[in-house]
Structure formats: C-alpha cells, structure tokens
Amino acid sequence: MKKLLLGVFISAALVVPATFGQVAKERQADQKARIKEGQASGELTNKEAAKLKHGERKVNRDIKKAKADGVVTPGEKAKVTAEQNKMSRKIAKEKHDAQTK
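These notes cover the structure that comes with them. (Residues numbered from 1 in each chain as written. Predicted model: local features only at pLDDT ≥ 70, side-chain atom pairs only at ≥ 80, totals over all residues. Heavy atoms only, no water.)

**With respect to the nonpolar core**
Then, in step 1: Counting residues in each nonpolar core, the largest one holds 12 residues, listed as F20, A24, I35, L44, A49, L52, V59, I63, V72, V80, M87 and I91.
Then, in step 2: Only α1 (2–41), α2 (46–67) and α3 (74–95) provide two or more residues apiece to this core.
Then, in step 3: The element contributing the most residues to this core is α2, with four residues. (Core = buried A, V, L, I, M, F, W, Y, C linked by side-chain atoms within 4.5 Å. Buried < 20%, exposed > 50% of the residue type's maximum accessible area, 1.4 Å probe, protein only. Helix = DSSP H or I, 4+ residues; strand = E, 2+ residues; numbered from the N terminus.)

**Examining α3**
Then, in step 1: Over its 22 residues, α3 extends 31 Å from the first C-alpha to the last, a length consistent with the 32 Å expected when each residue adds 1.5 Å.
Then, in step 2: Three or more residues of α3 are buried, namely V80, E83, Q84, M87, S88, I91 and K95. Taken end-on, α3 shows its buried residues confined to a sector of 140 degrees, consistent with a single buried face. Looking at α3, the residues exposed on the side facing more than 90 degrees away from the buried face are P74, R89 and K93. (Expected span 1.5 Å × (residues − 1). Arc of directions from axis to C-beta.)

**A look at the environment of K58**
Then, in step 1: Mapped onto the elements, K58 comes out in helix α2.
Then, in step 2: Separated by 25 residues in the primary sequence, K58 and E83 place their C-alpha atoms 9.0 Å from one another.

**Some points on the pattern of salt bridges**
Then, in step 1: Applying the stated criterion across every chain yields a total of four salt bridges.
Then, in step 2: Across the pair E37 and K95 runs a salt bridge, and its minimum N-O distance is 2.9 Å. Of this pair, E37 sits in helix α1 while K95 sits in helix α3, and the two are 58 residues apart along the sequence.
Then, in step 3: Exposure remark for E37: the relative accessible area of 47% places this residue in the partly exposed category.
Then, in step 4: Here K95 falls in the buried class, since its relative accessible area comes to 11%.
Then, in step 5: Here K58 and D62 are joined by a salt bridge, their closest N and O atoms 2.9 Å apart. Placement of the pair is K58 and D62 together in helix α2, with a separation of four residues, close to one helical turn.
Then, in step 6: For K58, a relative accessible area of 38% gives the class partly exposed.
Then, in step 7: The class for D62 is buried, based on a relative accessible area of 8%. (Salt bridge = Lys/Arg side-chain N within 4 Å of Asp/Glu carboxyl O.)

Shown next, in the form of structure tokens:
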C-alpha cells in the first residue's frame, strides 16, 4: 500500500510541472504571436515591439527557472502567471495606443 501511495505522489509531482510548462508555453506562444501581429499591422512601433519582446524573454527565463528543479511550487506558478498577465496587459495597451509605425 505504501509503495502505491508513493508511486501516486511521485507521478503527481511529475505531472504538475509538465502541465504547467505546457500551459505557460502555449500562452507565451500566443503573446509572441500578438506582438508579431501588432508589428505587422502597424499597431506596434519597432521600439514598442522590442520592449515587449524583452519582457517576454524575462517571463521565459522565469518559467525555465521555475521548472529547473523539476517541481513547480504554487508560489513560482503564481509569479509566472502574474508576469504573464502583466505582459498581456502591456501588449494590449501598446497595441491600442495612438502610436503607429
């Protein structure tokens, strides 16, 4: 019985980072596409796009750091999610301001 419970806990620990990683990766890809689309449509200037891309790279580093030890803590997940939310708001703000190419 103890071996079964231990197996369940180990499996759960391994599943959480993979799930978090996949969700974070998909969200980062979506945000990268939004930046690229904004640049193509002229909603983002090159300077704005560069700043947003820099912010996305920071979020990517934090995701990598969170997954480095194989366990993503709730605190790490919350930090990355908050950073992604902040970047999403920045992208929307920059795309809808009055500046154009």
